[in-house]
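Residues per chain, in single letters:
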Amino acid sequence: MTSQVGVSELAALADPTRARIVQLIDAAPDGRALVGQLAERLSLRQPTVSHHMAALRAAGIVVRQPEGRRVWYSVHPDQQNRVTALLGRAATPMEDPDWDRVIDDLAARYRGTFSRETVARYVTDSRDHLAASGPAPLLASRTATFAAARLDDLHRAGHPDAKIPTVLFVCVQNAGRSQLAAGILRQLAGDRVIVRTAGSAPVGQVRPAIVAALDEIGVTVGAEFPKPLTDDTVRAADVVVTMGCGDACPVYPGRRYLDWDLEDPVDKPLATVRRIRDDIDTRVRMLLSELFTEVTPEPSHKK
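Residues numbered from 1 in each chain as written. Predicted model: local features only at pLDDT ≥ 70, side-chain atom pairs only at ≥ 80, totals over all residues. Heavy atoms only, no water.

A. Main features of the side chain of Lys 227. Following the sequence through the fold, Lys 227 ends up in the loop between helix H10 (208-215) and helix H11 (231-236). There is a polar contact of 3.3 Å between the side chain of Lys 227 and the side chain of Thr 197. In contact with Lys 227, not counting residues within four places along its chain, are Leu 130, Phe 146, Asn 174, Thr 197, Ala 198, Gly 199 and Pro 202. (Helix = DSSP H or I, 4+ residues; strand = E, 2+ residues; numbered from the N terminus. Polar contact = N/O pair within 3.5 Å; in protein donor to acceptor, adjacent residues only side chain to side chain. Contact = heavy atoms within 4.5 Å.)

Put into structure tokens, the structure is as follows:
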């Protein structure tokens, strides 16, 4: 068993019940759980949970550990890091980020552009925004990434002569539709477009079904994670695309606003997520052709 999760593993985790089972196992005090415990937590029948466990075992995500009459399940050690990256892990009381170092490093990065006080304010505000959504995995690194993106947007908003267009995709949880659109646009546009995402009510992780659906077409979410919607992100955008978030997005003059009426992929089967992905793909290609004079070619194979 290798440490890389392939298509079959991603497909297994795309099922919301199986993803939740793995999260519960991973969060258990000793990293293992019984089928009966999982069934009780999920309000499901034990045969149903056993069926899901069989699928997870077949995909190499969990291992079975008999102990007398009991059978324990735990995350396969070779898959632990990847599973945590996909599904997240709640922050523990032992975590104690070195916020001074985070601020110092970003202050060095933006020396001559922003003062340390400004950097510190954005780091603190970004940390509070991310933590407000609930237990935030990888809080320090995500805070640094989010703060840096906001500082970049702030700088770009003050220099409107920049030629690279910025597109902001906004949905409710920033874990589904907006991540699908952002991943596809990054893949098609490369460094010709700056891509941002945000959510009116972000959750902790990009949903596994989204990761799987993008992986099938050669697109990665990379280090992306759900982020809250902020004014500076909207101000820096040339195009703001909303997807089911209502009036949560502030309106500023000089920006182009699009509202894409798309089905929400939350808790939908992978086949439905694929259909939503392909709908978004068509819209993204049209948007890209409008941003630039050349027309982005249609994909050679439609699913």
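B. Broad picture of the sheet that holds strand S7 (residues 256-259). With respect to topology, four strands assemble into an open sheet ordered S5-S4-S6-S7, the strand pairing being parallel. The open sheet has two edge strands, strand S5 (194-199) and S7, and neither has a second partner. Strand after strand, the sheet turns through a mean of 20 degrees between neighbouring axes, direction not considered. The pairing of strand S4 (residues 166-171) with strand S6 (residues 239-242) spans four bridges and is classified as parallel. Residue Phe 169 lies in a different strand from S6, and its bridge partner there is Val 241. Those strands touched by helix H8 (residues 139-157) are S4 and S5, and its axis lies near 120 degrees from that of S5. (Pairing = 2+ DSSP bridges. Axes fitted to C-alpha atoms, helices over the stretch in contact; angles between N-to-C directions.)

C. Quick look at helix H6 (residues 99-109). Those residues of H6 that sit buried are Trp 99, Val 102, Ile 103, Leu 106 and Ala 107. For H6, the buried positions fall inside an angular range of 130 degrees around the axis, keeping them on one side. Along H6, the residues that are exposed and aim more than 90 degrees away from the buried face are Asp 100 and Arg 101. Looking at the buried positions of H6, the neighbouring elements they touch are helix H7 (116-131) and H8. (Buried < 20%, exposed > 50% of the residue type's maximum accessible area, 1.4 Å probe, protein only. Arc of directions from axis to C-beta.)

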